[in-house]
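Now for the letters of each chain:
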Amino acid sequence: MASPSVFSLFCMFSFLLGMADAHDFSHHFYRSSCPKARSVIRTAVYKAVAKERRMGASLLRLHFHDCFVLGCDASILLDDTATFTGEKTAGPNNNSVRGYEVIDTIKSQLESLCPGVVSCADILTVAARDSVVALGGPTWSLKLGRRDSTTASFSTANSDLPGASLNLDGLISAFDKKGFTAKEMVVLSGTHTIGVAQCKNFRGRIYGESNINAAFARSKQRICPNSSGDENLSGLDGTPNVFDNVYFKSLKEKKGLLHSDQQLYNGGSTDSIVETYSTDSTAFFTDVANAMIKMANLNLLTGTQGEIRTNCRKIN
């Protein structure tokens, strides 16, 4: 049996170890090391969104496309090099994902204020939340202390990011692979209440599908010709610069822009979830906040894992 002194030391070691673990990832991670980190991020995001409302959706999507590959580790921000292919040129991201310059600006400001302290992964995570708030959506509480990856995965970006052509079963499977329920898949899809899509991603729906409002299809055909204008843009719902529940109302009217959007309300297992959110924005806001917290915690690097990049575009 251990003596009291040895037992006391053991308890103290366990307590300190627990404290260290808590410090590695917590709501107050930068309280001492960079107390202005959150306000710097928020100010820069609000400025960027005020300049271009679309940027709010772009920063949210950037975070999603980061977390759904290797985890929320800022791997999506790494540029290609002569010996390294990152995720930026993967099919779902190439000439589509944007907002990198906003993250660069925030990182530069924080490096001047607190060199080598705030990770690109945390910047991206907080910026996504603040973007939603800037567009009228809910806020949510975030633990910080993520660290940045030293690698990326072009192949996983191509295989794991859910595409606009997926049917309902494919969507459920893609989100299940990351630990999300069908309900959480619907609520995260509801973030399409902000942002735009390129013509090439909805052309097949507006010209070839029957479960679509005819007048809606004709209006989108004017934006998206049958054989040209691949990069022409259309809002994902009727209020693409406001975070609301119009997306779900649109699905009930067969006005989902993407094939994958309308799959959520097409006589399948998720119809009732869409119906709930279409009439209850409070429920949507509550559930999307919780789902975003869950996504922000996917496969994190903390403690001594990874690194804190000084430039988000390249490893140290």
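Here, every reference points to the structure presented above.
Residues numbered from 1 in each chain as written. Predicted model: local features only at pLDDT ≥ 70, side-chain atom pairs only at ≥ 80, totals over all residues. Heavy atoms only, no water.

Novice: Now, about the overall build of the protein: what can you tell me, with residues and values included?
Specialist: On a plain count of helices and strands, the protein comes out with 14 helices and 2 strands. Computed over the C-alpha atoms, the radius of gyration of the protein is 21 Å, within 12% of the 20 Å expected from 2.2 N^0.38 for a compact globule of 316 residues. Dimensions of the protein, computed from C-alpha atoms along their principal axes, come out at roughly 80 × 45 × 35 Å. Looking at the 316 residues of the protein, the share that counts as buried comes to 48%. (Helix = DSSP H or I, 4+ residues; strand = E, 2+ residues; numbered from the N terminus. Rg over C-alpha atoms; globule rule 2.2 N^0.38 Å. Buried < 20%, exposed > 50% of the residue type's maximum accessible area, 1.4 Å probe, protein only.)

Novice: Pulling in residues and values, what's your account of the pattern of salt bridges?
Specialist: The full count for this structure, using the stated rule, is 14 salt bridges. Among the salt bridges present, the one from Asp104 reaches Arg313, with a minimum N-O distance of 2.6 Å. Note that Asp104 is positioned in helix α4 (residues 100-113) and Arg313 in the segment after α14 (281-296), a separation of 209 residues in sequence. Take Asp104: its relative accessible area is 24%, and that puts it in the partly exposed class. For the salt bridge of Glu111 with Lys107, the shortest nitrogen-to-oxygen distance reads 2.9 Å. (Salt bridge = Lys/Arg side-chain N within 4 Å of Asp/Glu carboxyl O.)

Novice: Provide a residue-level description of the nonpolar core, including the pertinent values.
Specialist: Leu62, Leu77, Ile103, Leu110 and Leu264 are the most contacted members of the largest nonpolar core, which totals 76 residues. Residues contacting Leu264, with those up to four places away along its chain left out, are Leu168, Leu171, Met185, Val186, Ser189, Tyr247, Leu251, Thr270, Asp271 and Val274. Membership of the second largest hydrophobic core comes to 11 residues, among which are Ile206, Ala217, Cys224 and Leu258. (Core = buried A, V, L, I, M, F, W, Y, C linked by side-chain atoms within 4.5 Å. Contact = heavy atoms within 4.5 Å.)

Novice: Give a description of the environment of Gln198 that names residues and reports values.
Specialist: Summarising the element assignment, Gln198 is placed in strand β1 (residues 196-198). Along the backbone, Gln198 and Ala121 are 77 residues apart, and their C-alpha atoms lie at a distance of 27 Å. The residues contacting Gln198, other than those within four sequence positions of it, are Asn95, Ser96, Asp230, Glu231, Asn232 and Leu233. Here Asn95 takes part through its backbone oxygen, which lies 3.0 Å from a polar atom of the side chain of Gln198. (Polar contact = N/O pair within 3.5 Å; in protein donor to acceptor, adjacent residues only side chain to side chain.)

Novice: Break down the state of the cysteines for me, citing the residues and quoting the values.
Specialist: According to the stated counting rule, one finds 4 disulfides in the structure shown. Covalent S-S linkage joins Cys199 and Cys224, the inter-sulfur distance amounting to 1.9 Å. In this structure the cystine formed by Cys199 and Cys224 twists about its S-S bond by roughly 65°; its chirality is therefore right-handed. On the criterion of sequence distance, the pair formed by Cys199 in helix α9 (residues 199-208) and Cys224 in the loop between α10 (214-223) and β2 (233-235) is long-range, its members being 25 residues apart. (Disulfide = S-S within 2.5 Å.)

Novice: Lay out the layout of surface pockets with the relevant residues and their values.
Specialist: Each pocket or cavity is described by its volume, and for the largest pocket that value is around 1000 Å³. Lining the largest pocket are 47 residues, and of these Arg61, His65, Pro162, His192 and Leu258 lie nearest its centre. Counting residues per element, the ones that place at least two in the lining of the largest pocket are α3 (54-67), α7 (168-176), α8 (182-189), β1, α9, α12 (259-262) and α14. When the residues that make up the lining of the largest pocket are grouped by side-chain class, the tally is 22 nonpolar, 17 polar and 8 charged. The computed volume of the second largest pocket comes to approximately 210 Å³. If you go around the second largest pocket, the residues you meet are Ala44, Lys47, Ala48, Lys51, Glu52, Met55, Val102, Thr105 and Gln109. (1 Å grid on protein atoms, 1.4 Å probe; cavity = no way out; pocket = protein on both sides within 12 Å on 5 of 7 lines; lining within 4 Å. Points joined across faces, edges and corners; volume = space filled by probe spheres on them. Nonpolar A, V, L, I, M, F, W, Y, C, P; charged D, E, K, R; others polar.)

Novice: Any chance you could break down the packing of helix α2 (residues 37-51) against α4 for me, citing the residues and the numbers?
Specialist: Following both chains from N to C, one finds α2 and α4 inclined at 150°, their axes separated by 10 Å at the closest point. Regarding the angle of α2 to α4, the classification is roughly antiparallel. Between α2 and α4 lies a crossing whose hand is right-handed. Side by side, α2 and α4 meet where Ala37, Val40, Ile41, Ala44, Val45 and Ala48 of the first sit next to Val102, Ile106, Gln109, Leu110 and Leu113 of the second. (Axes fitted to C-alpha atoms, helices over the stretch in contact; angles between N-to-C directions. Parallel < 35°, antiparallel > 145°, perpendicular 65-115°, else oblique. Left-handed = near helix turned anticlockwise from the far one by under 90°.)

Novice: I'd love a proper account of the side chain of Asp130, names of residues and values included.
Specialist: Structurally, Asp130 is set in helix α5 (residues 120-134). Owing to a relative accessible area of 3%, Asp130 belongs among the buried residues under this scheme. Ignoring sequence-local partners within four residues, the contact set of Asp130 consists of Arg38, Ile41, Arg42, Val45 and Tyr46.

Novice: Residue-level account of the environment of Leu188, with values.
Specialist: Tracing the sequence through the fold places Leu188 in helix α8. Taking the C-alpha atoms as reference points, Leu188 and Met292, 104 residues apart in sequence, are found 7.5 Å from one another. Beyond its immediate sequence surroundings of up to four residues, Leu188 is in contact with Phe175, Phe180, Ala291 and Met292.

Novice: So, the packing of α3 against α5: which residues are in play, and what are the values?
Specialist: Interhelical geometry of α3 versus α5 gives an angle of 140° and a closest axis separation of 8 Å. One way to sum up the angle between α3 and α5 is to call them oblique. Of the two possible hands of crossing, α3 and α5 adopt the one that is left-handed. Judged by residue contacts, Gly56, Leu59, Leu60, Leu62, His63 and Asp66 of α3 engage Leu124, Thr125, Ala128, Ser131 and Val132 from α5. Of the residues in the contact of α3 with α5, the class split is 6 nonpolar, 4 polar and 1 charged.

Keep in mind these numbers describe shape, not what the thing actually does.
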